[in-house]
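# Summary of structural features
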Amino acid sequence: MQRRALITGVTGQDGSYLAELLVAKGYEVHGLRRRSSTFGNERIDHLVDVGDTAVRLHYGDLADGNGLVRLIREIRPHEVYNLAAQSHVRVSFDQPTYTADVTAVGTLRLLEAIRDVQDDTGQQIRFYQASSSEMFGKVVETPQRETTPFHPRSPYGVAKVYGHWITVNYRESYDLHASCGILFNHESPRRGETFVTRKITRAATRIKVGLQDKLHLGNLDAKRDWGFAGDYVEAMWLMLQQDTPDDYVVSTDELHTVSEFCEKAFGRLGLDYREHVVVDPRYFRPAEVDLLLGDSSKARRRLGWQPQVSFEQLVDMMVDADLELAHRERSVSRGVVGRERIAA
Ligand code: NAP
Ligand code: G4F
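What comes next concerns the included structure. This structure is a prediction, so every number in the text was calculated from the model and none was measured. (Residues numbered from 1 in each chain as written. Chains lettered and ligands numbered in written order. Predicted model: local features only at pLDDT ≥ 70, side-chain atom pairs only at ≥ 80, totals over all residues. Heavy atoms only, no water.)

### As for the overall build of the protein chain
Scanning the protein chain for helices and strands turns up 10 helices and 13 strands. At 20 Å, the protein chain has a C-alpha radius of gyration in line with the 20 Å of a compact globule built from 344 residues. Each principal axis of the C-alpha atoms in the protein chain carries an extent, and together these give about 60 × 50 × 40 Å. The burial tally for the protein chain puts 53% of its 344 residues in the buried class. Contacts in the protein chain between residues far apart in sequence, at least 24 positions, make up 82% of those at least 6 positions apart. Surface accessibility of the protein chain: about 15100 Å² in total, with carbon and sulfur atoms responsible for 47%. The centroid of the 44 positive side-chain charges in the protein chain is displaced by 3 Å from the centroid of its 49 negative side-chain charges. (Helix = DSSP H or I, 4+ residues; strand = E, 2+ residues; numbered from the N terminus. Rg over C-alpha atoms; globule rule 2.2 N^0.38 Å. Buried < 20%, exposed > 50% of the residue type's maximum accessible area, 1.4 Å probe, protein only. Contact = heavy atoms within 4.5 Å. Areas by Shrake-Rupley, 256 points an atom, 1.4 Å probe, with all protein chains shown as cover. Lys, Arg positive; Asp, Glu negative; His and termini not counted. Charge placed at Lys NZ, Arg CZ, Asp CG, Glu CD.)

### Describing the side chain of Lys199
Relative to the assigned elements, Lys199 resides in helix α6 (residues 196–208). Of the polar contacts made by the side chain of Lys199, one reaches the backbone oxygen of His216; its length is 3.0 Å. (Polar contact = N/O pair within 3.5 Å; in protein donor to acceptor, adjacent residues only side chain to side chain.)

### Re the site of ligand 1
Around ligand 1 sit 24 residues, and of these Thr11, Arg34, Asp61, Ser87 and Tyr156 come closest. One of the side-chain N or O atoms of Asp61 is found 2.7 Å from a nitrogen atom in ligand 1. Contributing elements (two or more residues each) for the shell around ligand 1: α1 (13–24), α4 (96–121), β5 (126–132) and α5 (155–174). Here the element with the most residues in the shell around ligand 1 is β5; it accounts for three residues. Classifying every residue of the shell around ligand 1 by side-chain character gives 10 nonpolar, nine polar and five charged. (Near = heavy atom within 4 Å. Nonpolar A, V, L, I, M, F, W, Y, C, P; charged D, E, K, R; others polar.)

### Topic: the packing of aromatic side chains
With the rule as written, the count across this model stands at 10 aromatic pairs. On the basis of an interplanar angle of 40 degrees and a centroid distance of 6.1 Å, the ring pair of Tyr81 and Tyr128 is categorised as tilted. With Tyr81 in strand β4 (residues 79–82) and Tyr128 in strand β5, this pair connects stretches of sequence that are 47 residues apart. With relative accessibility at 0%, the residue Tyr81 sits in the buried group. Judged by centre distance (5.5 Å) and plane angle (65 degrees), the ring pair of Trp226 and Phe261 falls under edge-to-face. Here Trp226 is found in the loop between β9 (223–224) and β10 (227–228), whereas its partner Phe261 is found in helix α8 (residues 258–268), with 35 residues between them in sequence. As far as the burial class goes, Trp226 and Phe261 line up, both buried. (Phe/Tyr/Trp six-rings, centres within 6.5 Å; stacked < 30°, edge-to-face > 60°.)

### Describing α8
For α8, the full list of buried residues reads Val258, Ser259, Phe261, Cys262, Ala265 and Phe266. Looking down the long axis of α8, one finds its buried residues gathered within 150 degrees of arc, a one-sided arrangement. Packing partners of the buried residues in α8 comprise α6, β8 (215–217), β12 (256–257), β13 (277–279) and α10 (311–333). (Arc of directions from axis to C-beta.)

### Looking at the sheet that holds β4
Through backbone hydrogen bonds, the strands of a sheet pair up, either in parallel or in antiparallel fashion. The seven strands lie next to each other as β3-β2-β1-β4-β5-β6-β11, forming an open sheet whose pairing is parallel. The open sheet has two edge strands with one neighbour each: β3 (56–59) and β11 (247–250). Across the sheet, the axes of successive neighbouring strands diverge by a mean angle of 20 degrees, strand direction being ignored. In this structure, strand β6 (residues 178–183) lies alongside β11, joined through four bridges in parallel fashion. Paired with Cys180 across the two strands is Asp247, which belongs to β11. Sitting on the sheet, helix α2 (residues 65–75) is in contact with β1 (4–8), β2 (28–33) and β3, with an inclination near 160 degrees to β1. Packing against the sheet, α4 makes contact with β1, β4 and β5, and its axis sits at approximately 170 degrees to β5. (Pairing = 2+ DSSP bridges. Axes fitted to C-alpha atoms, helices over the stretch in contact; angles between N-to-C directions.)

### Digging into the nonpolar core
Counting residues in hydrophobic clusters, the biggest one holds 58 residues, and the most contacted among them are Ile7, Leu18, Leu22, Tyr81, Tyr128, Ile200 and Phe266. In terms of residues, this core owes the most to one element, helix α7 (residues 229–240), which gives nine residues. In contact with Phe266, not counting residues within four places along its chain, are Ile200, Ala204, Ile207, Leu215, Leu271, Asp272, Tyr273, His276 and Val277. With 21 residues, the next largest nonpolar core counts Ile72, Ala113, Ile114 and Ile166 among its residues. (Core = buried A, V, L, I, M, F, W, Y, C linked by side-chain atoms within 4.5 Å.)

### Looking at the site of ligand 2
Ser132, Ser133, Tyr156, Arg285 and Glu288 are the nearest of the 25 residues found near ligand 2. A distance of 2.8 Å is found between an oxygen atom of ligand 2 and a backbone nitrogen or oxygen belonging to Val196. Arg224 has a polar side-chain atom sitting 2.9 Å from an oxygen atom of ligand 2. Here ligand 2 loses 97% of its free accessible area of 710 Å² to cover by the protein chains. Across the shell around ligand 2, the residue classes break down as 11 nonpolar, eight polar and six charged.

### Regarding the pairing of β2
The buried fraction of β2 is high, at six of six residues. Of the two faces of β2, the one lined by Glu28, His30 and Leu32 and the one lined by Val29, Gly31 and Arg33 are each fully buried. Here five bridges tie β1 to β2, and the two strands are oriented parallel to one another. Paired with Ile7 across the strands is Gly31, a residue of β2. A crossover links β1 with its parallel partner β2, the connecting element being α1, and its sense is right-handed. Where β2 meets β3, four bridges bridge the pair, whose relative direction is parallel. Bridge pairing in β3 links Arg33 to Tyr59. (Right-handed = clockwise from strand over helix to strand, strands pointing away.)

Here it is as structure tokens:
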């Protein structure tokens, strides 16, 4: 029987890679999309309206619990992947209540919808929650593993801790097959342009082709464990294929600084980042997460998962994709030097 999956956040970076993976595995894939004044489907354009293997999109929102019940009743998915969130840490300081409503309570609304439909129909629905290394925040041990206590440092981190624990609670209370992937930072050419890696690769390539001159960044000393999003969605799927649900850290187990990312990205283009990067306090956060480094040995051992793309390959892949984009932009703008794009 063909398996059906529902992905919330299908229009985002991870949603697009996961949809590709599930289509390739023969799933009937459904995606939740928000209504917007623009299309907003750029990352999944190649997967919609392509006949039998198309991803079917449904309007909905994690803020609308009734809509979620209706949708799950209609689709009757075997697997639900909850990737939707207000996912930007800096923005969560500006929109803390909204972030809590979507990223925390939105998870509860989805779990309630699943429980409702599962109780009515008797069909088991497996659930994946997109938990985050941001929950470790002010880390109490390094590297961070599944047993490391949480100390979130942002409204986003706090909201993710709620989403994580309510998922664990529903697993323990209602025997739901629910797993949390505690994913460390993962990037790609499809990464949102206001996250630091993509902000760097977009700017470096625009500088290379003469479209801008400076790049304003915040804390260059922050350390992260950056992997490739395409590798990480495989771990999400593997979690839902296990007999027993559980929680897993997914990471490369390698640490790099923001300035190291700059050095590599600008270096690939023959540029010295120190001539272009300006440290701008506007991009500092009220509370910073200085260091995140994962220990993914449990996922490697139990799921048989391991990352395929190295840090160097990831930077090169993002720079090369953005260089093509910058060349296209330059041909449209006829070489006029533009302003730096505003990013959080
Ligand atoms: P992303 O690119 O920002 O995508 C977020 C998705 O959520 C988008 O499809 C967005 O829709 C959707 N969304 C936002 N608010 C919504 C709402 N109220 N109702 C329904 N959908 C909503 O994020 P990502 O990088 O793919 O990350 C996927 C998930 O993993 C997120 O939950 C994130 O917090 C978590 N996570 C990410 C990382 C990482 O490094 N990437 C690490 C750990 C955990 P629009 O397209 O309409 O905006
Ligand atoms: O790229 P970032 O915005 O990612 P951050 O805050 O680590 O959050 C991402 O990873 C989390 C997993 O740990 C996810 F849960 C979350 O959804 C998101 O995907 O910032 C990375 C680091 C930070 O320390 C930040 O202060 O880069 C530093 N940084 C320095 N200058 C900057 C900038 N970040 C951004 N966004 N913009 C800057 O100009």
